[in-house]
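Take a look at the letters that make up each chain.
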Amino acid sequence: MLTHKRQNVHHSKLPKSGELGRIIGLSTVNPRRKCIVIAFPLCDNIRPYSIGIHIMFVRFLDNGEIARFSGIWFQGE
């Protein structure tokens, strides 16, 4: 049994705003589509389960679609 107060602390590193890259590893997204990081939500915490922002909004360069993904799926160029 876990006894610490914060169980789900993640240390993922988010890309910088304006960084170009691709969404890699999701079956719903073509990994060849290039995208740019446009924004981060003000807060995506659901206390006490998650500490820190880990969601980002990207705009795909081929059709201008805006989508939200976890930062772990983003691979910079």
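The structure we're discussing is the one just above.
About the cut-offs
- Residues numbered from 1 in each chain as written.
- Predicted model: local features only at pLDDT ≥ 70, side-chain atom pairs only at ≥ 80, totals over all residues.
- Heavy atoms only, no water.
- Pairing = 2+ DSSP bridges.
- Helix = DSSP H or I, 4+ residues; strand = E, 2+ residues; numbered from the N terminus.
- Core = buried A, V, L, I, M, F, W, Y, C linked by side-chain atoms within 4.5 Å.
- Buried < 20%, exposed > 50% of the residue type's maximum accessible area, 1.4 Å probe, protein only.
- Contact = heavy atoms within 4.5 Å.
- Axes fitted to C-alpha atoms, helices over the stretch in contact; angles between N-to-C directions.

Student: An account of the pairing of strand β4 (residues 66-70) is needed here, citing residue identities and associated values.
Tutor: Bridging between strand β3 (residues 55-60) and β4 involves five bridges; their strand directions are antiparallel. Bridging across to β4, Ile55 finds its partner in Ser70. Taking the residues between adjacent antiparallel strands as the criterion, β3 and β4 are bridged by five residues, where Gly64 takes a positive phi near 80°.

Student: Go over the nonpolar core with me, naming the residues and quoting the values.
Tutor: Residues Ile23, Val29, Cys35, Val37, Met56, Val58, Phe60, Ala67, Phe69 and Phe74 constitute the largest nonpolar core, which totals 10 residues. Tallying contributions element by element places β3 first for this core, with three residues. Once residues within four sequence positions are removed from consideration, Phe74 is found in contact with Pro15, Glu19, Leu20, Gly21, Arg22, Ile23, Cys35, Val37 and Met56.

Student: Tell me about the sheet that holds β3, and please be specific about residues and values.
Tutor: As summarised here, the arrangement of the five strands in space is β4-β3-β2-β1-β5, forming an open sheet in which the pairing is antiparallel. Looking at the sheet topology across the chains shown, the edges are occupied by β4 and β5 (74-76). Going from strand to strand, the sheet's axes swing by 50° on average, the running direction of each strand aside. One ladder, built from four bridges, connects strand β2 (residues 34-39) with β3; its direction is antiparallel. Residue Ala39 lies in a different strand from β3, and its bridge partner there is Phe57.

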